[in-house]
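Here is what each chain is made of, one letter per residue.
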Amino acid sequence: MKKRSRLLFFVMVCTVMVIGYNAFIKTEETTTLPPKQSVVEDGAAQSGGEVQPEIGSGTAETGQAEKTGDGLAVIAQPESMTVLVNKQNMLPENYNPTDLVYPDVRFIFSEKLDKRKLRKEAAGGLEKMFAAAEDEGILLAGVSAYRSHSTQKTLFERYVKRDGLEKARTYSAFPGTSEHETGLAVDVSGSDGKCAAADCFADTEEALWLERHAHEYGFIIRYLEGKEAITGYQYEPWHLRYVGTELAAELAASGETLEEYYDAVPVTN
Ligand SMILES: [Zn+2]
């Protein structure tokens, strides 16, 4: 697709519903209670001193011109494989993916929990990717994939109750803004589970393999190093997002984030 038509498509899939939402939450959350210190998207301890820039007010070119302040747009086509979910674009409250399956891959836990699930197409990609890695002696394991909106909501509310809204949103994602709710995102570690969703995963042989090959199976490293101001997240080498092989290859080649691809870069840039 041409950049212009992609943009047009993106404009079409986004409504201009604006929600009063004062400050951007800085991080997503784990499915377990996070430690008292700040955590990054998937629960890893924040490596000290990093200032996570807040995304500015609205986006310049997504067609969400009415969005002001720290407003959030509600995504109109949440089922799209290439959907952009971030701190500015949230899933509709009632959205639940309808084609979730259990990918037949290793996880770092043995229970058959919802957080193993991915949408069918993404699950197929994950199975192929894990098998290809294993052929090269790289043993990958899933850490956490799907998280329902109600789970996210329950957790977020629990944190707010415990720590207050201001503090809760420094480590927990506002419901609807976690990519894990799409069923297209999965956190991956090595099979030993060491450094699962933690900064030390970077530079492991598993992380390096994923960086080189994930796109061949339709996945991108969603929160890239050096793009924190654009994605709103710290570098997360473990957080993979399925977008399909075509787009994944394009992004891998260009080094762009999903935000840049959609020209949805924060206006502060
Ligand atoms: Zn994640």
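Residues numbered from 1 in each chain as written. Predicted model: local features only at pLDDT ≥ 70, side-chain atom pairs only at ≥ 80, totals over all residues. Heavy atoms only, no water.

**As for the pairing of strand 8 (residues 236–242)**
Alright, step 1. Of all the seven residues making up strand 8, seven are buried; the element is thus mostly covered by neighbouring parts of the structure.
Alright, step 2. Of the pairings in the sheet, the one linking strand 7 (residues 219–223) to strand 8 comprises four bridges and is antiparallel in character. The partner of Phe-219 across the bridge, within strand 8, is Tyr-242. (Buried < 20%, exposed > 50% of the residue type's maximum accessible area, 1.4 Å probe, protein only. Helix = DSSP H or I, 4+ residues; strand = E, 2+ residues; numbered from the N terminus. Pairing = 2+ DSSP bridges.)

**Let's talk about the pattern of salt bridges**
Alright, step 1. According to the stated counting rule, one finds nine salt bridges in the structure shown.
Alright, step 2. As a salt-bridge pair, Glu-179 and Arg-241 come within 2.9 Å of each other at their nearest N and O atoms. Of the two residues, Glu-179 is situated in the loop between helix 4 (165–171) and strand 6 (185–190) and Arg-241 in strand 8; the sequence distance between them amounts to 62 residues. Considered together, Glu-179 and Arg-241 belong to a single accessibility category, that of buried residues.
Alright, step 3. Glu-260 is the partner of Lys-227 in a salt bridge, and the nearest nitrogen-oxygen pair spans 2.9 Å. Residue Lys-227 is located in the loop between strand 7 and helix 6 (228–231), and its partner Glu-260 is located in helix 8 (residues 258–261); the two are separated by 33 residues in the primary sequence.
Alright, step 4. Overlapping salt bridges, with partners in common, bring together Glu-179, Arg-222, Arg-241 and Glu-259 in one network. (Salt bridge = Lys/Arg side-chain N within 4 Å of Asp/Glu carboxyl O.)

**Concerning the nonpolar core**
Alright, step 1. Counting residues in each nonpolar core, the largest one holds 35 residues, and the members touching the most others are Met-129, Trp-209, Leu-210 and Phe-219.
Alright, step 2. Counting only elements with at least two residues in this core, the list comes to helix 2 (120–135), strand 6, helix 5 (205–213), strand 7 and strand 8.
Alright, step 3. By residue number, the principal contributor to this core is helix 2, which donates seven residues.
Alright, step 4. Those residues within four positions of Phe-219 in sequence are excluded, and the remaining contacts are Ala-122, Gly-125, Leu-126, Met-129, Leu-184, Val-186, Ala-214, Leu-240, Arg-241, Tyr-242 and Ala-248.
Alright, step 5. Membership of the second largest hydrophobic core comes to ten residues, among which are Leu-84, Ala-248, Leu-251 and Tyr-262. (Core = buried A, V, L, I, M, F, W, Y, C linked by side-chain atoms within 4.5 Å. Contact = heavy atoms within 4.5 Å.)

**Some thoughts on the packing of aromatic side chains**
What describes a pair of aromatic rings is the distance from one ring centre to the other and the angle between the planes of the rings.
Alright, step 1. Counted under the stated rule, the structure contains six aromatic pairs.
Alright, step 2. Centre to centre, the rings of Phe-107 and Phe-109 are 5.3 Å apart; their planes meet at 55°, and the pair counts as tilted. Across the pair, Phe-109 and Phe-107 agree in class, each one buried.
Alright, step 3. Consider the rings of Trp-209 and Tyr-217, whose centres lie 6.4 Å apart with planes at 20°: the pair is stacked. The same class applies to Trp-209 as to Tyr-217, namely buried.
Alright, step 4. The positively charged end of Lys-112 is found above the aromatic ring belonging to Tyr-102, 4.6 Å away from the centroid. (Phe/Tyr/Trp six-rings, centres within 6.5 Å; stacked < 30°, edge-to-face > 60°. Lys NZ or Arg CZ within 6 Å of the ring centre and 35° of its normal.)

**So, helix 2**
Alright, step 1. In this model, helix 2 (16 residues) spans 23 Å end to end at C-alpha, consistent with the 22 Å of a helix rising 1.5 Å per residue.
Alright, step 2. Where helix 2 is concerned, the buried positions are Ala-122, Ala-123, Gly-125, Leu-126, Met-129, Phe-130, Ala-132 and Ala-133.
Alright, step 3. Gly-137 occupies a position one or two residues after helix 2 and carries a positive phi of about 80°. (Expected span 1.5 Å × (residues − 1).)

**Focus: helix 3 (residues 149–163)**
Working note: α-helix, 3.6 residues per turn, so residues spaced by three or four point in the same direction.
Alright, step 1. Taking 1.5 Å as the rise per residue, helix 3 with 15 residues should run 21 Å; its terminal C-alpha atoms sit 21 Å apart, in good agreement.
Alright, step 2. Here helix 3 has its buried residues at His-149, Gln-152, Leu-155, Phe-156 and Tyr-159. Buried positions in helix 3, seen along its axis, are confined to an arc of 135° and lie on one side of it.
Alright, step 3. In the core, the buried residues of helix 3 are packed alongside helix 4.
Alright, step 4. Two residues or fewer past helix 3, Gly-164 is found with a positive phi of approximately 90°. (Arc of directions from axis to C-beta.)

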